[in-house]
Amino acid sequence: MMDVLKLLQSKNRCIEKLLELSEEFLRAATPESLNSPESNLPSYETRRQAIIGAVGLFDRKINEAISLLLPSERTPELLEALRADMDRGEALLQHVLLSDEQVMSRIQGAQAD
């Protein structure tokens, strides 16, 4: 029962890491740095894909854990905690999407230079 909640919290931590990664990239990414041979873009993309893969893994594990929950384990308290963590994850994802838009804009701007 608590496994589902712990998995969801771990997934949210991964989403936080994704947001932090994008924010770090944006702080460091200038047109000059993106166009240089030492650009941090390949490293950013690799790390981003690894985090997205981890989020996908957590999604699969969460679905599996939910399917194994007994009806008696689906308490109102658990459902409330899950909803709160899901809402938190959704809010984080919205921030990631906004950050992704900024990253894409920055990359496109550097390519235009």
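Preceding block: the structure.
Owing to the predicted nature of the structure, the values given are computational and were not obtained by experimental measurement.

Caption draft 1: Local environment of the overall build of the chain. Secondary structure summary: the chain contains four helices and zero strands in total. Secondary structure of the chain in N-to-C order comes out as α-α-α-α. A globule of 113 residues ought to have a C-alpha radius of gyration of about 13 Å, yet the chain, at 18 Å, is considerably larger. The principal-axis extents of the C-alpha atoms in the chain amount to approximately 60 × 20 × 15 Å. Looking at the chain residue by residue over its 113 residues, the buried ones come to 33%. Excluding contacts between residues fewer than 6 apart, the proportion of contacts in the chain whose partners are at least 24 apart in sequence is 85%. Entry remark: accessible area of the chain is about 7,400 Å², with carbon and sulfur atoms responsible for 56%. Averaging the positions of the 13 positive and the 19 negative side-chain charges in the chain gives two centres separated by 5 Å.

Caption draft 2: Examining the layout of surface pockets more closely. One number sums up the size of the largest pocket: a volume of about 210 Å³. Lining the largest pocket are 14 residues, with L8, K11, D59, M86 and E90 positioned closest to its centre. Elements that contribute at least two residues to the lining of the largest pocket include exactly α1 (2–28), α3 (41–68) and α4 (76–112). Take the lining of the largest pocket: its biggest share by element is six residues, from α4. For the lining of the largest pocket, the per-class residue count stands at seven nonpolar, three polar and four charged.

Caption draft 3: Spotlight on the environment of I66. Here I66 lies in helix α3. Given the relative accessible area of 34%, I66 is considered partly exposed.

Caption draft 4: Region of the structure containing the side chain of S99. Along the chain, S99 falls in helix α4. Of the residues examined, S99 reaches a relative accessible area of 4% and is grouped as buried.

Caption draft 5: Region of interest: the pattern of salt bridges. Going through the model one piece at a time under the given rule, you end up with three salt bridges. As a salt-bridge pair, E16 and R88 come within 1.9 Å of each other at their nearest N and O atoms. With E16 in helix α1 and R88 in helix α4, this pair connects stretches of sequence that are 72 residues apart. When its relative accessible area of 23% is taken as the criterion, E16 is described as partly exposed.

Reading guide: rules and limits
- Residues numbered from 1 in each chain as written.
- Predicted model: local features only at pLDDT ≥ 70, side-chain atom pairs only at ≥ 80, totals over all residues.
- Heavy atoms only, no water.
- Helix = DSSP H or I, 4+ residues; strand = E, 2+ residues; numbered from the N terminus.
- Rg over C-alpha atoms; globule rule 2.2 N^0.38 Å.
- Buried < 20%, exposed > 50% of the residue type's maximum accessible area, 1.4 Å probe, protein only.
- Contact = heavy atoms within 4.5 Å.
- Areas by Shrake-Rupley, 256 points an atom, 1.4 Å probe, with all protein chains shown as cover.
- Lys, Arg positive; Asp, Glu negative; His and termini not counted.
- Charge placed at Lys NZ, Arg CZ, Asp CG, Glu CD.
- 1 Å grid on protein atoms, 1.4 Å probe; cavity = no way out; pocket = protein on both sides within 12 Å on 5 of 7 lines; lining within 4 Å.
- Points joined across faces, edges and corners; volume = space filled by probe spheres on them.
- Nonpolar A, V, L, I, M, F, W, Y, C, P; charged D, E, K, R; others polar.
- Salt bridge = Lys/Arg side-chain N within 4 Å of Asp/Glu carboxyl O.

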